[in-house]
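Residue-level structural notes
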Amino acid sequence: MEKTIKSRITLNDDVEIPYLGLGTWLSRGRDCRQAVKYALEYGYDHVDTAQAYDNENEVGDGWKDSGRSRDELFITTKIRNSNQGFERSKQSLTRSLQALQTEYVDLLLIHWPDVNNFERTIQTWRALIKLREEGLCRSIGVSNFTIRLLDKLLEEIDVVPAVNQVEFHTFLFQKELMEYCQGKRIQIEAYSPIARAKFLDNDQIQRIAKKYHKTPAQVMLAWCVNHDLVVIPKTVHKDRIEENADIFFELDDDDMKALNKLGPETRLVQISEAPPSW
Ligand SMILES: NC(=O)c1ccc[n+]([C@@H]2O[C@H](COP(=O)([O-])OP(=O)(O)OC[C@H]3O[C@@H](n4cnc5c(N)ncnc54)[C@H](OP(=O)(O)O)[C@@H]3O)[C@@H](O)[C@H]2O)c1
(Lines give C-alpha, C1' and ligand atoms only; values in the text may rest on other atoms or scores of the structure.)
Protein backbone atom coordinates (compact mmCIF):
# COMPACT_ATOMS: atom_id res chain seq x y z
CA MET A 1 0.00 0.00 0.00
CA GLU A 2 1.23 3.47 -0.83
CA LYS A 3 2.62 5.43 2.11
CA THR A 4 1.32 8.88 3.05
CA ILE A 5 2.13 11.57 5.61
CA LYS A 6 -0.05 9.56 8.02
CA SER A 7 1.74 6.25 7.52
CA ARG A 8 3.27 4.60 10.55
CA ILE A 9 5.60 1.69 11.15
CA THR A 10 5.18 -0.72 14.06
CA LEU A 11 8.06 -0.83 16.55
CA ASN A 12 9.23 -3.96 18.40
CA ASP A 13 6.98 -3.01 21.33
CA ASP A 14 3.90 -2.64 19.08
CA VAL A 15 3.88 1.16 19.32
CA GLU A 16 3.36 2.80 15.91
CA ILE A 17 5.71 5.60 14.87
CA PRO A 18 4.96 7.96 11.96
CA TYR A 19 7.50 7.76 9.12
CA LEU A 20 7.74 11.55 9.02
CA GLY A 21 8.57 13.81 11.94
CA LEU A 22 9.64 17.43 12.29
CA GLY A 23 13.23 17.84 13.50
CA THR A 24 13.90 20.78 15.84
CA TRP A 25 17.64 21.01 16.48
CA LEU A 26 18.56 24.72 16.25
CA SER A 27 14.87 25.58 16.12
CA ARG A 28 14.42 28.19 18.80
CA GLY A 29 11.89 30.56 20.35
CA ARG A 30 9.06 31.86 18.18
CA ASP A 31 10.41 30.14 15.06
CA CYS A 32 10.25 26.77 16.78
CA ARG A 33 6.78 27.34 18.24
CA GLN A 34 5.39 28.42 14.87
CA ALA A 35 7.10 25.62 12.94
CA VAL A 36 5.69 22.97 15.29
CA LYS A 37 2.23 24.54 15.14
CA TYR A 38 2.26 24.76 11.36
CA ALA A 39 3.64 21.24 10.85
CA LEU A 40 0.96 19.74 13.08
CA GLU A 41 -1.76 21.76 11.35
CA TYR A 42 -0.40 20.65 7.99
CA GLY A 43 -0.66 16.98 8.91
CA TYR A 44 2.63 15.97 10.55
CA ASP A 45 1.90 13.80 13.60
CA HIS A 46 5.45 13.59 14.94
CA VAL A 47 7.96 16.02 16.46
CA ASP A 48 11.52 15.29 17.54
CA THR A 49 13.10 17.32 20.32
CA ALA A 50 15.71 16.78 23.04
CA GLN A 51 16.61 18.19 26.43
CA ALA A 52 19.82 19.47 24.83
CA TYR A 53 17.96 21.50 22.17
CA ASP A 54 16.63 23.86 24.81
CA ASN A 55 13.27 24.13 23.05
CA GLU A 56 10.97 21.66 24.81
CA ASN A 57 8.85 24.60 26.06
CA GLU A 58 8.39 25.91 22.53
CA VAL A 59 7.60 22.44 21.19
CA GLY A 60 4.97 22.14 23.92
CA ASP A 61 3.55 25.58 23.12
CA GLY A 62 3.51 24.74 19.40
CA TRP A 63 1.47 21.60 19.84
CA LYS A 64 -0.94 23.37 22.19
CA ASP A 65 -1.33 26.19 19.63
CA SER A 66 -2.11 23.64 16.92
CA GLY A 67 -5.18 22.46 18.82
CA ARG A 68 -4.31 18.88 17.90
CA SER A 69 -5.36 16.18 20.30
CA ARG A 70 -2.42 14.71 22.22
CA ASP A 71 -3.33 11.11 21.46
CA GLU A 72 -2.92 11.69 17.69
CA LEU A 73 0.66 12.89 18.16
CA PHE A 74 4.04 11.27 18.53
CA ILE A 75 6.51 13.31 20.60
CA THR A 76 10.11 12.27 21.15
CA THR A 77 12.61 13.70 23.59
CA LYS A 78 16.09 12.59 24.62
CA ILE A 79 18.00 12.41 27.89
CA ARG A 80 20.96 14.76 27.64
CA ASN A 81 24.40 13.52 28.68
CA SER A 82 24.59 15.46 31.93
CA ASN A 83 21.28 13.85 33.01
CA GLN A 84 22.42 10.27 32.50
CA GLY A 85 22.32 7.82 35.43
CA PHE A 86 19.33 6.10 37.05
CA GLU A 87 17.95 8.83 39.32
CA ARG A 88 18.99 11.86 37.27
CA SER A 89 17.43 10.61 34.07
CA LYS A 90 14.15 9.90 35.85
CA GLN A 91 14.10 13.36 37.42
CA SER A 92 15.02 14.99 34.13
CA LEU A 93 12.05 13.38 32.37
CA THR A 94 9.73 15.01 34.91
CA ARG A 95 11.12 18.42 33.85
CA SER A 96 10.82 17.54 30.15
CA LEU A 97 7.19 16.53 30.59
CA GLN A 98 6.44 19.83 32.32
CA ALA A 99 8.11 21.79 29.52
CA LEU A 100 6.32 19.77 26.84
CA GLN A 101 3.01 20.15 28.73
CA THR A 102 2.26 16.48 28.46
CA GLU A 103 1.88 13.54 30.81
CA TYR A 104 4.00 11.20 28.70
CA VAL A 105 6.26 11.17 25.67
CA ASP A 106 5.84 8.64 22.91
CA LEU A 107 9.54 7.97 22.58
CA LEU A 108 12.35 8.57 25.06
CA LEU A 109 15.92 8.16 23.83
CA ILE A 110 19.37 8.12 25.38
CA HIS A 111 20.88 10.95 23.31
CA TRP A 112 24.49 9.71 23.35
CA PRO A 113 26.27 6.65 24.74
CA ASP A 114 28.72 7.53 27.50
CA VAL A 115 31.64 5.48 26.23
CA ASN A 116 33.95 6.61 29.02
CA ASN A 117 31.53 5.37 31.66
CA PHE A 118 29.26 2.90 29.95
CA GLU A 119 27.90 1.71 33.30
CA ARG A 120 26.21 5.12 33.52
CA THR A 121 24.52 4.52 30.18
CA ILE A 122 23.40 1.08 31.36
CA GLN A 123 21.88 2.70 34.45
CA THR A 124 20.15 5.21 32.18
CA TRP A 125 18.75 2.35 30.13
CA ARG A 126 17.44 0.73 33.35
CA ALA A 127 15.75 4.03 34.19
CA LEU A 128 14.10 4.21 30.76
CA ILE A 129 12.75 0.67 31.20
CA LYS A 130 11.28 1.73 34.56
CA LEU A 131 9.84 4.96 33.11
CA ARG A 132 8.11 2.96 30.40
CA GLU A 133 6.65 0.63 33.04
CA GLU A 134 5.37 3.72 34.87
CA GLY A 135 3.67 4.96 31.70
CA LEU A 136 5.75 8.13 31.39
CA CYS A 137 6.96 7.09 27.93
CA ARG A 138 5.44 4.63 25.51
CA SER A 139 8.61 3.54 23.75
CA ILE A 140 12.31 3.68 24.59
CA GLY A 141 15.40 3.74 22.47
CA VAL A 142 18.89 5.02 21.91
CA SER A 143 20.67 7.42 19.62
CA ASN A 144 24.16 7.48 18.12
CA PHE A 145 24.78 3.83 18.99
CA THR A 146 27.13 1.78 16.81
CA ILE A 147 26.74 -2.00 16.41
CA ARG A 148 29.40 -2.54 19.05
CA LEU A 149 27.63 -0.30 21.54
CA LEU A 150 24.28 -1.96 20.89
CA ASP A 151 25.90 -5.36 21.46
CA LYS A 152 27.46 -4.10 24.68
CA LEU A 153 24.13 -2.77 25.93
CA LEU A 154 22.34 -6.02 25.09
CA GLU A 155 25.03 -8.08 26.85
CA GLU A 156 24.03 -6.30 30.05
CA ILE A 157 20.24 -6.01 29.68
CA ASP A 158 18.17 -7.95 27.20
CA VAL A 159 15.56 -5.25 26.58
CA VAL A 160 16.06 -4.36 22.91
CA PRO A 161 15.74 -0.63 22.10
CA ALA A 162 12.76 0.13 19.88
CA VAL A 163 14.72 2.78 17.99
CA ASN A 164 18.28 3.83 17.18
CA GLN A 165 18.30 7.43 15.95
CA VAL A 166 21.45 7.96 13.88
CA GLU A 167 22.82 10.12 11.10
CA PHE A 168 21.64 8.55 7.87
CA HIS A 169 21.42 10.11 4.42
CA THR A 170 22.46 9.47 0.84
CA PHE A 171 26.03 10.49 1.69
CA LEU A 172 26.16 8.18 4.71
CA PHE A 173 24.51 4.90 3.78
CA GLN A 174 25.04 2.87 6.97
CA LYS A 175 24.13 -0.46 5.39
CA GLU A 176 25.77 -2.70 7.98
CA LEU A 177 24.12 -0.87 10.88
CA MET A 178 20.79 -0.87 9.04
CA GLU A 179 20.94 -4.65 8.47
CA TYR A 180 22.00 -5.30 12.07
CA CYS A 181 19.09 -3.19 13.34
CA GLN A 182 16.63 -4.88 10.98
CA GLY A 183 17.80 -8.24 12.36
CA LYS A 184 17.01 -7.15 15.91
CA ARG A 185 13.84 -5.17 15.03
CA ILE A 186 15.43 -1.89 16.08
CA GLN A 187 13.90 0.86 13.94
CA ILE A 188 16.41 3.30 12.49
CA GLU A 189 15.37 6.92 12.59
CA ALA A 190 17.40 8.94 10.10
CA TYR A 191 18.66 12.23 11.46
CA SER A 192 20.14 14.91 9.22
CA PRO A 193 18.26 13.07 6.44
CA ILE A 194 18.89 15.85 3.92
CA ALA A 195 22.50 16.18 5.10
CA ARG A 196 21.72 19.68 6.36
CA ALA A 197 21.08 20.79 2.78
CA LYS A 198 24.81 20.74 2.02
CA PHE A 199 24.74 18.64 -1.14
CA LEU A 200 21.42 19.42 -2.79
CA ASP A 201 23.30 20.41 -5.95
CA ASN A 202 24.78 16.92 -6.38
CA ASP A 203 24.45 15.84 -10.05
CA GLN A 204 22.83 12.44 -9.39
CA ILE A 205 20.34 13.90 -6.94
CA GLN A 206 19.50 16.68 -9.38
CA ARG A 207 19.04 14.13 -12.19
CA ILE A 208 16.73 11.94 -10.12
CA ALA A 209 14.79 14.97 -8.84
CA LYS A 210 14.07 16.05 -12.44
CA LYS A 211 13.00 12.53 -13.41
CA TYR A 212 10.35 12.34 -10.64
CA HIS A 213 9.40 16.05 -10.76
CA LYS A 214 10.52 16.43 -7.16
CA THR A 215 13.09 18.58 -5.36
CA PRO A 216 16.53 17.29 -4.29
CA ALA A 217 15.47 17.34 -0.61
CA GLN A 218 12.40 15.26 -1.45
CA VAL A 219 14.57 12.70 -3.26
CA MET A 220 16.90 12.39 -0.26
CA LEU A 221 13.95 11.91 2.10
CA ALA A 222 12.18 9.46 -0.22
CA TRP A 223 15.38 7.37 -0.39
CA CYS A 224 15.24 6.95 3.42
CA VAL A 225 11.53 6.11 3.39
CA ASN A 226 12.13 3.61 0.55
CA HIS A 227 14.62 1.92 2.92
CA ASP A 228 11.79 1.86 5.52
CA LEU A 229 13.48 4.40 7.77
CA VAL A 230 11.75 7.10 9.81
CA VAL A 231 12.88 10.62 8.79
CA ILE A 232 12.91 13.80 10.89
CA PRO A 233 13.95 16.71 8.62
CA LYS A 234 14.25 20.06 10.37
CA THR A 235 12.99 23.33 9.00
CA VAL A 236 11.38 26.46 10.40
CA HIS A 237 9.89 27.49 7.03
CA LYS A 238 6.29 26.77 6.07
CA ASP A 239 7.09 26.08 2.41
CA ARG A 240 9.80 23.60 3.39
CA ILE A 241 7.55 21.94 5.98
CA GLU A 242 5.20 21.24 3.06
CA GLU A 243 7.99 20.30 0.66
CA ASN A 244 9.52 17.84 3.14
CA ALA A 245 6.20 16.05 3.52
CA ASP A 246 5.78 15.26 -0.18
CA ILE A 247 8.17 12.34 -0.02
CA PHE A 248 5.97 9.27 -0.24
CA PHE A 249 6.81 8.10 -3.74
CA GLU A 250 8.70 5.08 -4.98
CA LEU A 251 12.17 5.36 -6.44
CA ASP A 252 12.96 2.60 -8.92
CA ASP A 253 15.68 0.02 -8.25
CA ASP A 254 18.26 1.69 -10.47
CA ASP A 255 17.80 5.03 -8.75
CA MET A 256 17.91 3.44 -5.29
CA LYS A 257 21.16 1.69 -6.26
CA ALA A 258 22.63 4.93 -7.62
CA LEU A 259 21.73 6.76 -4.40
CA ASN A 260 23.05 3.90 -2.25
CA LYS A 261 26.51 4.41 -3.64
CA LEU A 262 26.60 8.16 -3.80
CA GLY A 263 29.87 9.60 -2.54
CA PRO A 264 31.95 10.89 -1.03
CA GLU A 265 30.90 9.36 2.28
CA THR A 266 30.33 12.26 4.66
CA ARG A 267 29.62 12.13 8.37
CA LEU A 268 28.36 15.48 9.62
CA VAL A 269 28.20 14.55 13.31
CA GLN A 270 31.17 12.88 14.96
CA ILE A 271 30.06 9.98 17.14
CA SER A 272 31.72 8.29 20.10
CA GLU A 273 33.27 4.93 19.28
CA ALA A 274 33.65 2.13 21.81
CA PRO A 275 37.13 2.11 23.44
CA PRO A 276 39.51 -0.36 21.72
CA SER A 277 39.85 -2.33 24.98
CA TRP A 278 36.29 -3.70 24.68
N1 LIG B 1 20.09 12.29 17.91
C2 LIG B 1 21.00 13.15 17.54
O3 LIG B 1 22.14 13.18 18.03
C4 LIG B 1 20.65 14.12 16.44
C5 LIG B 1 21.69 14.81 15.79
C6 LIG B 1 21.30 15.69 14.78
C7 LIG B 1 19.97 15.86 14.45
N8 LIG B 1 19.00 15.20 15.15
C9 LIG B 1 17.55 15.40 14.86
O10 LIG B 1 17.33 15.27 13.46
C11 LIG B 1 16.77 16.46 12.94
C12 LIG B 1 17.20 16.69 11.50
O13 LIG B 1 18.60 16.77 11.38
P14 LIG B 1 19.39 18.14 11.10
O15 LIG B 1 18.63 19.28 11.64
O16 LIG B 1 20.77 17.90 11.58
O17 LIG B 1 19.50 18.20 9.51
P18 LIG B 1 18.50 18.16 8.25
O19 LIG B 1 17.11 17.96 8.67
O20 LIG B 1 19.12 17.20 7.27
O21 LIG B 1 18.69 19.61 7.61
C22 LIG B 1 18.24 20.75 8.24
C23 LIG B 1 18.78 21.97 7.46
O24 LIG B 1 18.31 21.95 6.12
C25 LIG B 1 17.50 23.11 5.84
N26 LIG B 1 16.34 22.61 5.08
C27 LIG B 1 15.27 21.91 5.55
N28 LIG B 1 14.46 21.55 4.56
C29 LIG B 1 14.99 22.04 3.41
C30 LIG B 1 14.61 21.98 2.05
N31 LIG B 1 13.49 21.35 1.68
N32 LIG B 1 15.41 22.59 1.13
C33 LIG B 1 16.53 23.22 1.51
N34 LIG B 1 16.96 23.30 2.79
C35 LIG B 1 16.19 22.70 3.75
C36 LIG B 1 17.12 23.68 7.20
O37 LIG B 1 17.03 25.09 7.16
P38 LIG B 1 15.71 25.92 7.57
O39 LIG B 1 15.30 25.54 8.96
O40 LIG B 1 16.20 27.33 7.46
O41 LIG B 1 14.70 25.57 6.53
C42 LIG B 1 18.34 23.29 8.05
O43 LIG B 1 19.40 24.20 7.86
C44 LIG B 1 17.26 17.52 13.93
O45 LIG B 1 16.58 18.74 13.79
C46 LIG B 1 17.05 16.80 15.23
O47 LIG B 1 15.67 16.80 15.58
C48 LIG B 1 19.32 14.32 16.12
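These lines cover the structure that appears in this document, whether it is placed above or below. Along each chain, residues carry numbers from 1 onward, in the same order as the chain's sequence is written. Thresholds applied to this predicted model are a pLDDT of at least 70 for local features of residues and 80 or more for the giving and counting of side-chain atom pairs; totals over whole chains, interfaces and linings are not thresholded and use all residues. The basis for the side-chain values is all heavy atoms of the structure; hydrogens and waters are excluded.

**Side note on the layout of surface pockets**
- When its volume is computed, the largest pocket comes out at roughly 700 Å³.
- The pocket and cavity definitions rest on a 1 Å grid over protein atoms only: a 1.4 Å probe that fits but cannot leave marks a cavity, an open set with protein on both sides within 12 Å along at least five of seven lines marks a pocket, and residues lining either have an atom within 4 Å of a point. Taken together, 31 residues form the lining of the largest pocket, with Trp25, Ser192, Arg196, Ile232 and Lys234 sitting closest to its centre.
- Of the residues belonging to the lining of the largest pocket, the class tally is 15 nonpolar, 10 polar and six charged. Grid points are joined across faces, edges and corners, and a volume is the space filled by probe spheres set on the points. Ten residue types, Ala, Val, Leu, Ile, Met, Phe, Trp, Tyr, Cys and Pro, are classed as nonpolar, four, Asp, Glu, Lys and Arg, as charged, and the remainder, Gly among them, as polar.

**Digging into the packing of aromatic side chains**
- Between rings of Phe, Tyr and Trp, where Trp is taken as its six-membered ring, a pair exists when centres lie within 6.5 Å; planes separated by under 30 degrees are stacked, by over 60 edge-to-face, and by other angles tilted. Inspection of every chain in the model, using the stated rule, returns seven aromatic pairs.
- Considering the side-chain rings of Tyr38 and Tyr42, the 6.1 Å spacing of their centres and the 25° angle between planes classify their relative orientation as stacked. You can see Tyr38 and its partner Tyr42 sitting in helix H1 (residues 29-42), four residues apart, about one turn around the helix.
- For Tyr42, a relative accessible area of 37% corresponds to the partly exposed category.
- Their ring planes at 45° and their centres at 4.6 Å tell us that Phe171 and Phe199 sit as a pair that is tilted. Helix and strand definitions follow DSSP, with helices as H or I runs of at least four residues and strands as E runs of at least two, each counted in order from the N terminus. For each residue, the accessible area found with a 1.4 Å probe, counting protein chains only, is set against the maximum for its type, and the residue is called buried under 20%, exposed over 50%, and partly exposed in between.

**A word on the pattern of salt bridges**
- Salt bridge criterion: a side-chain nitrogen from Lys or Arg within 4 Å of a carboxyl oxygen from Asp or Glu. If you walk through the whole model with that rule in mind, you get 19 salt bridges.
- As a salt-bridge pair, Asp45 and Lys6 come within 2.8 Å of each other at their nearest N and O atoms. Of this pair, Asp45 sits in the loop between H1 and strand E4 (46-48) while Lys6 sits in the segment before strand E1 (8-10); the two residues are 39 residues apart in sequence, bridging distant segments of the chain.
- Put simply, Lys78 and Asp48 hold a salt bridge, and the shortest N to O gap is 2.7 Å. With Lys78 in strand E5 (residues 74-79) and Asp48 in strand E4, this residue pair connects regions lying 30 residues apart in the sequence. One exposure class covers both Lys78 and Asp48, and it is buried.
- Sharing partners across several salt bridges, the network here consists of Lys6, Arg8, Asp45, Arg68 and Glu72.

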